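These are the residues of each chain, in order.
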Amino acid sequence: MDKILITGGQRLEGEIENSGAKNAALPVIAASLLTKGWNTFHNIPDLVDIKTIKKLLGSFGVVFADEKGSLRINAEDIQSCTAAYDLVRTMRASVLVLGPLVARLGEAHVSLPGGCAIGARPVNLHIRALQDMGAEVELKDGYVIAKARRLKGATIYFDIITVTGTENIMMAAALADGTTLLKNAAREPEVVNLAEILNGMGARIIGAGTDIIRIDGVPSLHPVEGTIISDRIEAGTFMIAAGITGGDICIRNCHPGHHDALIAKLRDTGMEMVVGDRSIRAIAKGRPRSVDVKTLAYPGFPTDLQAQIMSLMTVASGLSLMTETIFENRFMHVSELMRMGADIAVQGHSAVVKGVPKLHGAPVMATDLRASASLILAGLAAEGRTELSRVYHLDRGYERIEEKFSRLGAAMERVKA
Ligand code: EPZ
């Protein structure tokens, strides 16, 4: 397995291009199942998770054509509706094929994704919503088996805000008979991007980006050409990298409006944040001040940046209370950060981070995608050398991260196993 070696202490400076968003591309690729003919999507990131969902759709009979940064998808001839465990278990977001398959074929056999490092990751809300729309759903041999001659519009209330739950049911409802209302829907930009693409396919969706989304079902959808939004979690990771290295980094081709919570928080730490139309420049102003962070559904502070800002707090000037409200086990990075000299006390869903003057490099192990990013950030700031193993976690969600950081002045290299 590859490793990433970092010699810390370099001040990062310069510009990077924000890549396409993994969590926008995955549901949009799944949405192609609703159409017959060639879809074209631009700004698709080159990530392991994208390869995984292509393999999954390929197993149904979907065909692809790759053009630099763009992806053409044709789901005309689907021969299977079974999403097998060996593929689904490598990526929970595979559950996003459930809604489109039931809507398109009237049947779907999707392996239960199983948990992951950060939590049990149940899909009960996805299943319940499909049942509300008239699907017969049974759990058999670890598979969700959902059947419906044609889904019926329904009013659905999510008692927990679920991003892929909202996306799955929005796709299912697009071809349902009648109107569906999603209440307590997720408001993430990735949900809005999906709704725009679906409307381009001929769907009739209003309210995406708010907590009530209305979908008026239509008989069929047609292929579309669309563009994936930029990845706000990648961009946020680089803004925090500026803070932890005393640097100055400009992220180009991003959506500043997606970053309100992070920009406010980084300003509270004392950083200067210069916001342009399509760029954000993050400038460190000395040692960061400690701030409290509570993760919330969008537009609150994103759980996917909790590990990364915790790394920044490990070298801040005081005490930071960090509360993770979305997932039940998202502090896997804490023990690894402590091996680098961080002073962190975890109590249930909260962690108290006492800033230390310096971290020191150490061999550390990635446990999940965003935890690995937090260890990269800590390694950039630490004295000495950090060796990060199990970087396959990182490759799921960051496009050529060591190249981007090296271009900013980091002493970082990937060592092939
Ligand atoms: C999406 O996951 C993202 N993944 C996650 O990003 C992100 O952390 C998460 O939303 C929260 O923002 C993709 O978009 C592919 P949820 P998702 O359903 O949809 C509970 C990354 O690093 N829940 O919004 O799976 C669930 O357990 C990944 O890129 C149920 O109880 O998350 C969690 O506590 C990690 N039942 C909460 O809701 C359900 O049926 C929010 O989960 C569904 C969810």
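About the cut-offs
- Residues numbered from 1 in each chain as written.
- Predicted model: local features only at pLDDT ≥ 70, side-chain atom pairs only at ≥ 80, totals over all residues.
- Heavy atoms only, no water.
- Buried < 20%, exposed > 50% of the residue type's maximum accessible area, 1.4 Å probe, protein only.
- Helix = DSSP H or I, 4+ residues; strand = E, 2+ residues; numbered from the N terminus.
- Contact = heavy atoms within 4.5 Å.
- Near = heavy atom within 4 Å.
- Polar contact = N/O pair within 3.5 Å; in protein donor to acceptor, adjacent residues only side chain to side chain.
- Areas by Shrake-Rupley, 256 points an atom, 1.4 Å probe, with all protein chains shown as cover.
- Core = buried A, V, L, I, M, F, W, Y, C linked by side-chain atoms within 4.5 Å.
- Pairing = 2+ DSSP bridges.
- Right-handed = clockwise from strand over helix to strand, strands pointing away.

Student: I tried to follow helix α5 (residues 124-132) on my own but got confused; where do I start?
Tutor: Since there are 3.6 residues in each turn of an α-helix, residues three or four apart along the chain are aligned in direction. Burial in α5 covers these residues: Leu125, His126, Ile127, Ala129 and Leu130. Buried residues in α5 make contact with α4 (98-105), β8 (136-140), β9 (143-147), β10 (155-157) and α6 (163-174). Directly after α5, the chain includes Gly134, whose backbone phi takes a positive value near 95 degrees.

Student: How should I be thinking about the site of the ligand in this particular structure?
Tutor: The ligand sits among 22 residues. The nearest are Asn124, Thr162, Thr164, Asp304 and Ile326. In the environment of the ligand, an oxygen atom lies 3.1 Å from a nitrogen or oxygen atom belonging to the side chain of Arg121. Arg370 is positioned with one of its side-chain polar atoms (N or O) 2.9 Å from an oxygen atom of the ligand. Taken by itself the ligand offers 820 Å² of open surface, and the protein chains cover 89% of this.

Student: Even after reading the chapter, I still don't get the nonpolar core, so can you show me in this structure?
Tutor: Nonpolar side chains in soluble globular proteins generally cluster together in the buried interior. In terms of nonpolar packing, the biggest core is built from 77 residues, with Phe60, Val97, Leu151, Met170, Leu182 and Leu198 touching the most fellow members. Element by element, the count of residues in this core is highest for helix α1 (residues 22-31), at seven residues. With near-sequence residues (within four places) excluded, Val97 lies in contact with Leu33, Leu56, Leu57, Phe60, Ala83 and Val110. Within the second largest apolar cluster, 64 residues are counted, among which are Ile6, Ile244, Met310 and Leu388.

Student: Even after reading the chapter, I still don't get the pairing of strand β19 (residues 319-323), so can you show me in this structure?
Tutor: Residues in a regular strand project their side chains so that they alternate between the two faces of the sheet. In the sheet, strand β18 (residues 293-294) pairs with β19 via two bridges, with the strands oriented parallel. If you follow Val293 over to β19, its bridge partner there is Met322. Between the parallel elements β18 and β19, the chain passes through helix α10 (residues 306-314) in a crossover that is right-handed. Note that β19 and strand β21 (residues 350-354) share five bridges and pair antiparallel. What sits directly across from Met322, in β21, is Ala351.

Shape descriptors only; they carry no functional weight alone.
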